[in-house]
There are 2 protein chains.
Amino acid sequence: MSERVARAALSRLSEPGDARLSGLVGQLGAGKVYDLLRDEEDVGGVFTDVATRLRGLDPERELEEASAKGIRFLCPEDAEWPRCLDDLASVEPLQGRGGAPLGLWVRGPLRLDEACDRSAAVVGSRSATSYGTSVASDIAASLASNAMAVVSGAAFGIDQASHRGALAVKGRTVAVLACGVDRPYPAAHKNLLDYIVDVGLVVSELPPGCSPTKLRFLSRNRVIAALTQGTVVVEAALRSGALNTANWALRLNRQVMGVPGPVTSAPSEGVHQLIRCRDAALVTKGADVLELLSQAGSFLSEEARGPDHPRDQLTEREQRVLEAVPAVQGASCDSIARTAGIAAGKVQEVLGLLHAKHLVENAGMRWRLVRD
Amino acid sequence: MSERVARAALSRLSEPGDARLSGLVGQLGAGKVYDLLRDEEDVGGVFTDVATRLRGLDPERELEEASAKGIRFLCPEDAEWPRCLDDLASVEPLQGRGGAPLGLWVRGPLRLDEACDRSAAVVGSRSATSYGTSVASDIAASLASNAMAVVSGAAFGIDQASHRGALAVKGRTVAVLACGVDRPYPAAHKNLLDYIVDVGLVVSELPPGCSPTKLRFLSRNRVIAALTQGTVVVEAALRSGALNTANWALRLNRQVMGVPGPVTSAPSEGVHQLIRCRDAALVTKGADVLELLSQAGSFLSEEARGPDHPRDQLTEREQRVLEAVPAVQGASCDSIARTAGIAAGKVQEVLGLLHAKHLVENAGMRWRLVRD
């Protein structure tokens, strides 16, 4: 049995994110592990539970059937395998999930390795506010317009808005599911997922047909974090799964970013905590994310600043004189000098300079401000 | 002429925040500087402009008149002088303003040094949103309830909300003005300022009667930053004066904090920039501020977390079995074992444990979830 077929078989037999199994496969090879399993030798208690699933397993036929449905099975030996996933092999599990994926089931026209080469996860709450979905969509559109793939989980709320934002600008987007890539989950996102299959990528560790479970979401989150250079959390309540993705990104030394919101909004609480306690970077727009994820200096987000005023360029003395000039009725040079606390001779000179800058005007011997 | 009288005279003759004059006074003493000035010897070009104000000056009478109005003039030699102000003598000017104040004109029943000993500035935009004023008021109330004085600038918007928040819980508040402490500015805050004079403190570098100017606001901001252990910016557009206060706090090595808001809200832009580019700490409530400003460990803001669920305590196997148990119609142990991918014998055992935890119930041979 080839490594690929053995990996496909193990992906059916095990739960994703089983770090011990993933480690064994890395050590012994998938073929050897599968053989041990079929011979019912238990290695370190890993396999007690898989016997139930072993009956009737035909991985070769499964790969053929998947292929007929346009689903390919990627293994570490494939050129399309994103090498960034290998980072998962060397970090500690989180909430019982961990390890590099045994393989990925993939649908869609893009190459996964190329899409992930420049990519960001944009994730967040399912119960998002309209503020959150609007910001997520804007950020995703901005990233996708700048040749960055947007990776998310196709869930309600922020995930959906992120995919849509990328699609709206004809950008690249990748949906990573916690169920088989042939299953539209949530069902209401069938059209969205169908469209992503047409123009982007839908990816899962789970073989076709599998349904999502809570543990599979946790496993899925680590794949989202590992596939990307950074994770942007747009809205996340304190127990949101998006924080699990962010924790994976931190563990993997990826950039973690959070979009703030009103401190009175529960869906922003988790994000604020991430910035406050976990040193996530605060981002307010796509350009901030691009700057953080690009090679140093290759993309610089312009520091926002207010409009310039001609007054900004004045010296201190000019400012003091200008402030002493009345707005409506004019005042004499002597009167201005008294208000400003500056000698009258100097004031005369400064008024001339301010006049040249069109900031003051005079009628007879009286000076007043030029109206804006 | 005593140092105090000389400082009062110089405070009338000069503009606040004149770092060169402040430095000369620190070096030569106020009496000596005043004498030089009266003799019209110019030291380093500092005094060219003050001659206009010198005529008719009677600092002793001025101090008496102020005292009759309940206004005291604090100098560095006074016990009530807050030593934290001295930090201003050793930092570089900002936007042309700097130096330690020559003195402070003060109204109100509190001792300024004691009030500032444990204090925070809460400042922000004059054109604040209702979100901003509500958050500022909540934070100020929380600080004031925890024996921390709230220092602000009595302006419209965030400043006003901060003072009011502290007053609402009968806490201590200090208003630092850019005009004489006998002038209600803005006029609409006359009642507020009168009340602060009754129960808190109103403070200014400027002698009674002086009106506010743009430069005086910049000078005032450095006093707010210097008087406090930290500055909280609640809302600030990109050119807001509150950012000037924050810059002073950074320069003085005080803690700078920002309250985030919607990224779509202009009055939050300056705050987000402060957190993003200047490493200000993100704070969402008074407890966060108290934690940052208190001695390490003396006040710990509890890390916010969502409610615990009984499910959180389950082992991975228990979770997998629980997820395989249907919600409405029951399922047999064998069926649950197949869904979970766990041997039936194990599943029977786990279902017993889940039953003891009131998570599943059985009717005959069929198991289903207990409704929440």
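Computed from a predicted structure; not experimentally measured.

**Digging into the overall build of chain A**
Point 1. Helix and strand content of chain A: 16 helices and twelve strands.
Point 2. Taking 21 Å as the expected radius of gyration for a compact globule of 372 residues, we find that chain A reaches 30 Å, considerably beyond that expectation.
Point 3. For chain A, the C-alpha atoms occupy an extent of roughly 105 × 35 × 35 Å along the three principal directions.
Point 4. Buried positions account for 51% of the 372 residues belonging to chain A.
Point 5. Sequence-distant contacts in chain A: of pairs separated by 6 or more residues, those separated by 24 or more amount to 72%.

**Focus on the domain arrangement of chain A**
Residues and elements named next belong to chain A.
Point 1. Domain annotation for chain A reports domain 1 (1-62), domain 2 (69-293) and domain 3 (310-369).
Point 2. Contact with domain 1, which involves 18 residues of that partner, is made by 20 residues of domain 2.
Point 3. Considering every element that reaches the side of domain 1 that touches domain 2, the biggest residue donor is helix α1 (residues 3-13), with seven residues.
Point 4. When its residues are assigned to classes, the side of domain 1 that touches domain 2 shows six nonpolar, five polar and seven charged.

**Here's the deal with unusual backbone geometry**
Residues and elements named next belong to chain A.
Point 1. For the bond from Tyr 185 to Pro 186, the omega torsion is -5°, close enough to zero to count as cis.
Point 2. Considering the arrangement of structural elements, one finds Pro 186 in the loop between β5 (173-177) and α9 (190-199).
Point 3. In the Ramachandran plot, Lys 170 falls in the positive-phi region, its phi being about 55° despite a non-glycine side chain.
Point 4. A tally of 9 C-beta atoms within 10 Å means that Lys 170 is categorised as exposed.

**A look at the nonpolar core**
Looking at soluble globular proteins, one finds that nonpolar side chains tend to be buried together.
Point 1. Among the nonpolar cores identified, the biggest contains 186 residues, and A:Val232 and B:Val232 are the most heavily contacted of them.
Point 2. When neighbours within four sequence positions are excluded, B:Val232 is seen to be in contact with B:Ala120, B:Ala121, B:Val122, B:Ile139, B:Met257, B:Val259, B:Val283 and B:Val289.

**With respect to the sheet that holds strand β8 (residues 255-258) of chain A**
Residue and element names in this part refer to chain A.
Point 1. The sheet built from nine strands is open, its strands ordered β1-β2-β6-β5-β4-β3-β7-β8-β9 with mixed pairing. Both outer strands of the open sheet, β1 (72-74) and β9 (281-282), are each paired with one neighbouring strand and no more.
Point 2. Note that strand β7 (residues 230-233) and β8 share four bridges and pair parallel. Considered in β8, the bridge of Val 233 is made with Gly 258.
Point 3. Helix α13 (residues 286-293) rests against β3 (119-123), β7, β8 and β9 of the sheet, and its axis sits at about 165° to β8.

**Description of the environment of B:Val360**
Residue and element names in this part refer to chain B.
Point 1. Looking at the secondary structure, you find Val 360 in strand β11 (residues 360-363).
Point 2. Accessibility expressed as a C-beta count within 10 Å gives 21 for Val 360, which makes it buried.
Point 3. With eleven residues separating them in the primary sequence, Val 360 and Arg 371 have C-alpha atoms 8.6 Å apart.
Point 4. When sequence neighbours within four positions are dropped, the list of residues in contact with Val 360 reads Val 325, Leu 351, Leu 354, His 355, Trp 367, Arg 368, Leu 369 and Val 370.

**So, the packing of helix α1 (residues 3-13) of chain B against helix α3 (residues 30-38) of chain B**
Residues and elements named next belong to chain B.
Point 1. The geometry of α1 relative to α3 is characterised by a closest axis approach of 8 Å and an angle of 50° between their N-to-C directions. In terms of their interaxial angle, α1 and α3 are classed as oblique. You can see that α1 and α3 cross each other, and the crossing is left-handed. Residues Glu 3, Ala 6, Arg 7, Ala 9 and Leu 10 of α1 form the contact with α3, whose own contacting residues are Ala 30, Gly 31, Val 33 and Tyr 34.
Point 2. The residue inventory of the contact of α1 with α3, partitioned by class, reads six nonpolar, one polar and two charged.

**Section: the sheet that holds strand β2 (residues 104-107) of chain B**
Residue and element names in this part refer to chain B.
Point 1. On the basis of which strands lie adjacent, the open sheet formed by nine strands has the order β1-β2-β6-β5-β4-β3-β7-β8-β9 and mixed pairing. Edge positions in the sheet fall to β1 (72-74) and β9 (281-282), since each has one partner strand and no second.
Point 2. Pairing of strand β5 (residues 173-177) with strand β6 (residues 201-204), which is carried by four bridges, proceeds in the parallel orientation. Bridge pairing in β6 links Val 174 to Leu 201.
Point 3. Packed on one face of the sheet, helix α10 (residues 214-227) meets β3 (119-123), β4 (149-152), β5 and β7 (230-233) and runs near 155° to β5.

**Quick look at the pairing of β5(A)**
Residues and elements named next belong to chain A.
Point 1. Within β5, five of the five residues are buried, which leaves it mostly tucked inside the rest of the structure.
Point 2. Burial along β5 is two-sided: the face carrying Thr 173, Ala 175 and Leu 177 and the face carrying Val 174 and Val 176 are both buried.
Point 3. When strand β4 (residues 149-152) meets β5, the two strands line up parallel, connected through three bridges. Looking at the pairing, Ser 152 lines up with Ala 175 of β5.
Point 4. Between β4 and its parallel partner β5, the chain crosses via helix α8 (residues 158-168), and the hand of that crossover is right-handed.
Point 5. Remark: the β5/α9/strand β6 (residues 201-204) crossover connection has right-handed handedness.

**Observations regarding the environment of A:Met1**
Residue and element names in this part refer to chain A.
Point 1. On the secondary structure map, Met 1 appears in the segment before α1.
Point 2. Residue classification places Met 1 among the partly exposed residues on the basis of 14 C-beta atoms within 10 Å.
Point 3. Linking Met 1 and Tyr 34, residues 33 residues apart in sequence, is a C-alpha distance of 9.1 Å.
Point 4. Ignoring anything within four residues of it in the chain, the contact list for Met 1 reads Ala 6, Gly 31 and Tyr 34.

**Observations regarding the packing of helix α10 (residues 214-227) of chain A against helix α11 (residues 241-251) of chain A**
Residue and element names in this part refer to chain A.
Point 1. Between α10 and α11, the least distance of the axes is 8 Å, while the angle of their chain directions is 45°. Considering the angle they form, α10 stands oblique to α11. Handedness of the α10/α11 crossing: right-handed. Contact residues: α10 offers Phe 217, Leu 218, Asn 221, Arg 222, Ile 224 and Ala 225, while α11 offers Gly 241, Asn 244, Thr 245, Trp 248 and Ala 249.
Point 2. Residues that form the contact of α10 with α11 fall into these classes: six nonpolar, four polar and one charged.

**Describing helix α12 (residues 266-278) of chain A**
Residue and element names in this part refer to chain A.
Point 1. Helix length check: α12 (13 residues) gives 18 Å between terminal C-alpha atoms against 18 Å at 1.5 Å per residue, within 8%.
Point 2. Of all 13 residues in α12, ten are buried; the element is thus mostly enclosed.
Point 3. One or two positions beyond α12, positive phi appears at Asp 279, with a value near 60°.

**Some thoughts on the environment of B:Gly261**
Point 1. Its location among the elements puts B:Gly261 in the loop between β8 (255-258) and α12 (266-278).
Point 2. Each C-alpha atom of the pair B:Gly261 and B:Thr284 lies 9.6 Å from the other, and the pair is 23 residues apart in sequence.

**Structural notes on the pairing of strand β12 (residues 366-369) of chain A**
Residue and element names in this part refer to chain A.
Point 1. Where strand β10 (residues 331-332) lies against β12, two bridges are found, and the strand directions are antiparallel. Looking at the pairing, Ala 331 lines up with Trp 367 of β12.
Point 2. Pairing between strand β11 (residues 360-363) and β12: four bridges, direction antiparallel. Considered in β12, the bridge of Ala 363 is made with Arg 366.
Point 3. Joining the antiparallel neighbours β11 and β12 is a turn of two residues, in which Gly 364 adopts a positive phi near 65°.

Analysis parameters
Residues numbered from 1 in each chain as written. Chains lettered and ligands numbered in written order. Predicted model: local features only at pLDDT ≥ 70, side-chain atom pairs only at ≥ 80, totals over all residues. Helix = DSSP H or I, 4+ residues; strand = E, 2+ residues; numbered from the N terminus. Rg over C-alpha atoms; globule rule 2.2 N^0.38 Å. Buried ≥ 20, exposed ≤ 12 C-beta atoms within 10 Å, placed from the backbone. Contact = placed C-beta atoms within 7 Å. Domains from an automatic or database assignment. Nonpolar A, V, L, I, M, F, W, Y, C, P; charged D, E, K, R; others polar. Core = buried A, V, L, I, M, F, W, Y, C linked by C-beta atoms within 7 Å. Pairing = 2+ DSSP bridges. Axes fitted to C-alpha atoms, helices over the stretch in contact; angles between N-to-C directions. Parallel < 35°, antiparallel > 145°, perpendicular 65-115°, else oblique. Left-handed = near helix turned anticlockwise from the far one by under 90°. Right-handed = clockwise from strand over helix to strand, strands pointing away. Expected span 1.5 Å × (residues − 1).

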